[in-house]
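Breakdown of the fold
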Amino acid sequence: MKEPKIKSMKYEDFKDNEYLEQLRANGTDIIVGNLDDLINWGRSNSVWPLTFATSCCGIEFMAVGAARYDFARFGFEVTRASPRQADVIIVAGTIVHKMAPVLKRLYDQMADPKYVIAMGGCAISGGPFKKSYHVVKGVNQILPVDVYIPGCPPRPESLLYGMLQLQRKIKMEKFLGGRNRQEDPNSNEE
Amino acid sequence: MTRAMKEKILSIVPDATIEEKAFLTVSVPPISFHNLAVRLKNDKDLQFDYLVCMTGMDWGETLGVIYHLRSTTLKHEIVLRQETADRENPELPSVSDVWATANFNEREVFGFFGIRFINHPDMRRLFLRNDWVGYPFRKDYNTDPEINPVRLESEVNEDIVPTVELTESGELEEKVHTIFEDDEYVVNIGPQHPATHGVLRFRVSLEGEIVKKVDVNCGYIHRGIEKMCESLTYPQTLALTDRLDYLSAHMNRHALCMCIEEAMGIEVPERVKYIRTIMDELTRISSHILFYSTFCMDLGGLTAFLYGFRDREKILDMLEETCGGRLIQNYNCIGGVMADIHPNLVKRIKDFIKYLPPMLKEYHGLFTGNIIAQQRMKHIGILSREDAISYGVTGPSGRGSGWACDVRKIHPYGVYDKVDFNEVLYTEGDTFSRYMVRMDEIVESLHILEQLVDNIPAGDYAVKTKPIIKLPEGQYFKSVEAARGEFGVFIESHGDKYPYRLKFRSPGLPLVSVVDLLASHNKIADLIAIGGSLDYVVPDIDR
C-alpha cells in the first residue's frame, strides 16, 4: 500500500497515519493510479483558501497568512475573496443561525473539488457557546468537514498541521472513479 | 450637586422616584419619559448629552429599560429607569431623537425583549432573523431548538419596515417606514466581504458611484453571550468576555473583573493593578498595530499588512509567555490575575520599547505620507464632535473628532492615575485623524509601559476569594477604555451566584451606527476607508 507523502512534513511525524490509508485500502490500477497521483500532486500543492472568518479564529488565520507563519510556503498561496476561485473554506469562528444559510451558499458557490476545514471549538461543536440559543452546534450540520482543528483559538502551528493533513488527504483521492469522502448526510443530491 | 439635580428632576416629573445608589437612580413613568430626556439633555445645569449604556430588562412582572447617562462637560452621571407591566404588547417611548445612539440600542432591546418603542423610525430586530420565534432575553423564553431550528433558506430583506407612532390625539398608530424605494439601486456588501472586517452586512443604495444610504445589518455573529451569562457563575462568565472583542480581550476581562470586585468589596493588591495596566497597554498596542495592518490592506497596501503582523507577533510572544494564550489570554481573574508574570517579561517589554519606535517611523514612511493614501483619507467621512457624542462614538474614533472621551482620564482605574500620558486628540474628525489617533496612541502606550515596567511592586498576584462567589443585591456598572472605545459592564445581581442580567456596553455598536452618516454622499470606495478607520470588531457589536 502506498504512503501519502507530502514534501513539507515527514510521514512518521503525522499522528493518524492509519486513517488515510484506509481510503486506498482496496488498491488501484497502476495506470489510473499514477494518473491520479499526478493530478493530486498538482491539486494538493495549490490549495487556495477563501478569505472567510467570523470571529477570533480569523485573526489567527490572518496571522498564519502573514510574515511569520506564512502558509504560502506549503502551497496555500493566496487567500481568495471570491468563493468561485477558492478550493478550501476554513470555517474560522462561530457559525450562528443567521450566518448558516450564508455559509451554505458560499460552499455551494465554490467549484469542485472543494474542501472544508473546521477551525476552532466553535466550528467543531459550538465550543464555549454550545448552550447559546443562536449558535449552530458544529459546522458539520451544514457542510461536510474534511479536517477538524481543535483549539480556542488554535495556534498557528496547529492550523498549519491541519492544512498539511488536508494535503495528505487530497493525495489519497481518486480522481478517476471511486468515492473519496463522506457525503453530506443532510443533502438530498444524488 | 445631587440635591440640586434631584429637585430639578422632581420639578420636571413630580411622580418620579429617586434612589441614591452608586449612581442617582430615577424611575420615571413612561408617559413623561421623553419629556424628561429632552430636558436632561438641554438643561444647562444638567447637560446629559452622552447615553453611555442602554439595557433592556425583564424583572418578571415588568419589562423595562435602564439608561446610563453622562454629561461630557459637567462629568456627572445618572441612571434612568422606565418599565411597563404589559407583557403582551409592551410599548415604551423612544429617545432615538434625543440621543442618536438609542436608535440601534432600541432595536436591540426590541429583538431581545419585544419592547416596541413609540416613534422609533425603524422597528426591526437588530440581531435576530425576522422569522425568529420568541424574545430570547425574556426569562420565560422557550429554548427548545425545535421552535427555532437552523434554517438554511436565506431570509427576506424588507425595504418597508413597521413603526409605532403616537398621533397628536394621543392614540398609537401602526405605520410603515420606507428604507429603500422601489427604484433605488441597492447593492449588497457582506456578510462575506474581506473589507467589512468580519461578518457585517451593508445594504448600500447607490447613485452612480455615490452612496445615498447605508442600511447596516448585524447579527451574523450574534452568539447570545449576555443570555448565556445569566446561567453561568461569575468566574465562568469571565471566559466569554475575551471572545467579545478579541483584539482587546484583556481590557474586556479587566472591566468585568473590576465590576465584580467592586460589588464584592475586594481591594486588589497594587501589584495586580500594575500587571493589569501593563497587559492592557500591550493589548492596546497589538490591537492598534492590527488596525494599521488591516486598514492599509483595505486601502490596497499589502506590504503594510505584513509589516504590522511581524511586529504584532512580538507582543503575542510576551503575552503567551506570561498568560499562556496568544490572542485570547484568559489572564485576569476575580481578585487578581491567574499567575505571576514571567521573569522574562520586564526585559522583553524594555526591548520592545526600544524596538517599536523605528518601526513606527517605517510605518509612517510606508503609508502615512503616501499621496494616494492621504487623498483617500483626508476630508473623507467627517464626524463632528456633536455627532460623535450623540452617537456615543468613543475611543480613538471619538477622539479623532475632538471629543476627550478617554475613560482612563475620566475615571482612572488600574494605575492610570499614577502615570503620565497624553490623551491624543485630533479635531478634524475625518478618516485621517481617526487613523492618526491610533498611530499616536501606540507611542503613548509605549510611554505608559516605560513608566510602569521598572516599578512593578512586590506582593501577591491575586487575593484569595471564596470558592462560590455571590454578589450582594444591586446594580453595578464599570467601564474601561478598550482599544475601540468605552467598554462597560452592567450587572444586576439578585444575590445569587449567577448574574440576573449582565450587559456589555460594546464600543462597536455605536461605530457601525455612524457608517450611514459618514458614508452618505461619499464614493463607494470611501465606504471601505471609513469602515476601516472606524475599526469595529464584529463579534463585539453582535455579542
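Remember, it's a predicted structure, so these values are computed and weren't measured experimentally.

**Here we look at the overall build of chain B**
Helix and strand content of chain B: 18 helices and 17 strands. For chain B, the C-alpha radius of gyration of 23 Å lies close to 24 Å, the compact-globule estimate for 543 residues. By its C-alpha atoms, chain B is 70 × 60 × 55 Å across when sized along the principal axes. Surface accessibility of chain B: about 19800 Å² in total, with carbon and sulfur atoms responsible for 51%. In chain B, which carries 61 positive and 81 negative side-chain charges, the distance between the mean positions of the two groups comes to 5 Å.

**As for the packing of helix α7 (residues 270–298) of chain B against helix α8 (residues 302–323) of chain B**
Residues and elements named next belong to chain B. Look at α7 against α8: their axes get within 8 Å of each other, and the N-to-C directions meet at 160°. Between α7 and α8, the angle is such that the two are roughly antiparallel. Remark: the crossing between α7 and α8 carries left-handed chirality. Taking contact as the criterion, the partners of Met279, Leu282, Ile285, Ser286, Ile289, Leu290, Tyr292, Ser293, Cys296 and Met297 in α7 are, on α8, Leu302, Ala304, Phe305, Gly308, Phe309, Asp311, Arg312, Ile315, Met318, Leu319, Thr322 and Cys323. Each residue belonging to the contact of α7 with α8 can be placed in one class, and the counts come to 16 nonpolar, four polar and two charged.

**Observations regarding the packing of helix α2 (residues 30–44) of chain A against helix α6 (residues 156–171) of chain A**
Residue and element names in this part refer to chain A. One can describe the packing of α2 onto α6 by two numbers: an axis separation of 8 Å at closest approach and a directional angle of 160°. By the criterion of interaxial angle, the relationship of α2 to α6 is roughly antiparallel. As α2 runs across α6, the sense of the crossing is right-handed. Within the contact between the two elements, α2 uses Asn40, Trp41, Arg43 and Ser44 and α6 uses Gln167, Ile170 and Lys171. Its residues placed into classes, the contact of α2 with α6 shows two nonpolar, three polar and two charged.

**Regarding the confidence of the model for chain B**
It should be kept in mind that the predicted coordinates are not to be read in detail where pLDDT is low. Per-residue confidence for chain B gives a mean pLDDT of 87, with 100% of residues at or over 70. Taken together, the chains of this predicted complex give a pTM of 0.89 and an interface ipTM of 0.85.

**Quick notes on the nonpolar core**
If you look at the biggest cluster of nonpolar residues, it comprises 188 residues, and the most contacted ones within it are Val91(A), Phe202(B), Tyr435(B) and Ile491(B). Looking at this core, the element that brings in the most residues is α7(B), giving 11 residues. Of the residues that make up this core, three or more belong to each of domain 1 (2–143) and domain 2 (225–537) of chain B. Excluding anything up to four places from it in sequence, Phe202(B) contacts Val187(B), Asn188(B), Ile189(B), Thr196(B), Val214(B), Asp215(B), Val216(B), Val515(B), Leu527(B) and Tyr536(B). Tyr69(A), Val88(A), Ala92(A) and Leu160(A) belong to the second largest nonpolar core, which has 24 residues in total.

**As for the packing of aromatic side chains**
How two aromatic rings sit relative to each other is set out by the distance from centre to centre and by the angle between their planes. Across all of its chains, the model carries 24 aromatic pairs over all chains by this definition. When the centroid spacing of 6.0 Å and the interplanar angle of 50° are considered together, the rings of Phe61(A) and Phe71(A) count as tilted. One end of the pair, Phe61(A), is in helix α3 (residues 56–65); the other, Phe71(A), is in the loop between α3 and β1 (88–92), with 10 residues separating them in the sequence. In this structure Phe61(A) comes out as buried when scored by relative accessible area, which is 6%. For Phe71(A), a relative accessible area of 3% puts it in the buried group. A ring pair is formed by Tyr133(A) and Phe137(B), whose centres lie 6.3 Å apart and whose planes are at 85°; its orientation type is edge-to-face. Of the two residues, Tyr133(A) is situated in the loop between α5 (120–125) and β3 (147–149) and Phe137(B) in the loop between β7 (116–118) and β8 (160–166); the pairing between them involves two chains. On the accessibility criterion, Tyr133(A) (11% relative accessible area) is buried. For Phe137(B), a relative accessible area of 2% translates into the label buried.

**Points about the interface of chain A and chain B**
Across the contact, 40 residues belong to chain A and 49 residues belong to chain B. Both sides together, the interface formed by chain A and chain B hides about 3700 Å², and carbon and sulfur atoms give 68% of it. Together, Lys98(A), Phe129(A) and Tyr133(A) form the three largest contributors to the area buried by chain A at its contact with chain B, with a combined 22%. Connecting chain A to chain B are five salt bridges.

**Concerning the sheet that holds strand β17 (residues 501–505) of chain B**
Residue and element names in this part refer to chain B. Read across the sheet, three strands follow the order β15-β16-β17 without closing on themselves; strand pairing throughout is antiparallel. Strands with a single pairing partner mark the edges of an open sheet, and in this sheet they are β15 (474–482) and β17. Within this sheet the neighbouring strands show an average axis-to-axis angle of 10°, counted without direction. Across nine bridges, the pairing between β15 and strand β16 (residues 485–493) is antiparallel. Following the sheet pairing, Val480 is matched in β16 by Phe487.

**Some remarks on the environment of Thr241(B)**
Residue and element names in this part refer to chain B. Of note, Thr241 is situated in helix α5 (residues 234–241). In the structure, Thr241 is positioned 102 residues away from Pro343 in sequence and 27 Å away in space, judged by C-alpha atoms. Those residues within four positions of Thr241 in sequence are excluded, and the remaining contacts are Asn252, Arg253, Leu256 and Phe504. Polar contacts involving the side chain of Thr241 include one to the side chain of Asp242, which spans 3.4 Å.

**As for the pattern of salt bridges**
Residues and elements named next belong to chain B. Considering all chains together, one arrives at 53 salt bridges over all chains under this definition. Note that Arg116 and Glu91 form a salt bridge whose closest N and O atoms lie 3.0 Å from each other. In this pair, Arg116 sits in strand β7 while Glu91 sits in strand β6 (residues 91–93), placing the two residues 25 residues apart along the sequence. Ionic pairing is found between Arg408 and Glu281, a salt bridge with its closest N-O pair at 3.3 Å. Remark: Glu281 occurs in helix α7 and Arg408 occurs in helix α13 (residues 407–410); sequence separation between them is 127 residues. Here Arg408 and Glu281 have matching classes, each one buried. The structure contains a network of salt bridges with shared partners spanning Glu281, Arg284, Arg399, Asp406, Arg408, Glu441 and Glu481.

Reading the values: rules and limits
- For every chain, the first residue of the written sequence is number 1, and numbering continues from 1 onward in sequence order.
- Chains carry letters from A onward and ligands carry numbers from 1 onward, assigned in written order.
- Thresholds applied to this predicted model are a pLDDT of at least 70 for local features of residues and 80 or more for the giving and counting of side-chain atom pairs; totals over whole chains, interfaces and linings are not thresholded and use all residues.
- The side-chain numbers reported here are obtained from all heavy atoms of the structure, hydrogens and water having been left aside.
- Helix and strand assignments follow DSSP, with helices taken as H or I runs no shorter than four residues and strands as E runs no shorter than two, numbered in order from the N terminus.
- Between the two quantities, the radius of gyration covers C-alpha atoms and the globule rule is 2.2 Å times the number of residues to the power 0.38.
- All accessible areas in this document rest on Shrake-Rupley with a 1.4 Å probe, and a residue is counted as covered only by the protein chains that are shown.
- We count Lys and Arg on the positive side and Asp and Glu on the negative side, and we leave His and both chain ends out.
- Taken as the charge centre is NZ of Lys, CZ of Arg, CG of Asp or CD of Glu, depending on the residue.
- Under this scheme, a helix contributes an axis fitted over its contacting stretch, all axes are lines through C-alpha atoms, and angles between N-to-C directions fall in the 0 to 180 degree range.
- For classification purposes, angles smaller than 35 degrees are called roughly parallel, those larger than 145 roughly antiparallel, those between 65 and 115 roughly perpendicular, and all remaining angles oblique.
- We call a crossing left-handed when the near helix sits turned anticlockwise from the far one by less than a right angle, and right-handed when that turn is clockwise.
- Should any heavy atoms of two residues lie within 4.5 Å, those residues are counted as being in contact.
- Gly is placed with the polar residues, together with every amino acid not listed as nonpolar (Ala, Val, Leu, Ile, Met, Phe, Trp, Tyr, Cys and Pro) or charged (Asp, Glu, Lys and Arg).
- What pLDDT conveys is the predictor's confidence in a given residue, as a value from 0 to 100.
- In these notes, a set of buried Ala, Val, Leu, Ile, Met, Phe, Trp, Tyr and Cys residues joined through side-chain atoms within 4.5 Å is what counts as a nonpolar core.
- The cut-offs for exposure are 20% and 50% of the maximum accessible area for each residue type, with area from a 1.4 Å probe on protein chains only; residues under the lower value are buried, those over the upper are exposed, and the others partly exposed.
- Bear in mind that the domain bounds are from an automatic or database domain assignment.
- Between the rings of Phe, Tyr and Trp (Trp by its six-membered ring), a pair exists once the centres lie within 6.5 Å; its type follows the angle of the planes, with under 30 degrees stacked, over 60 edge-to-face, and the other angles tilted.
- The buried area of a pairing is the accessible area, by a 1.4 Å probe, that goes missing from both parts when the two are put together, added over both.
- The salt bridge definition used is simple: a Lys or Arg side-chain nitrogen within 4 Å of an Asp or Glu carboxyl oxygen.
- The criterion for strand pairing is that DSSP finds at least two bridges linking the strands in question.
- Here a polar contact is taken to be a pair of N or O atoms separated by no more than 3.5 Å, where protein atoms must pair a possible hydrogen donor with a possible acceptor and residues adjacent in sequence count only if both atoms sit in side chains.

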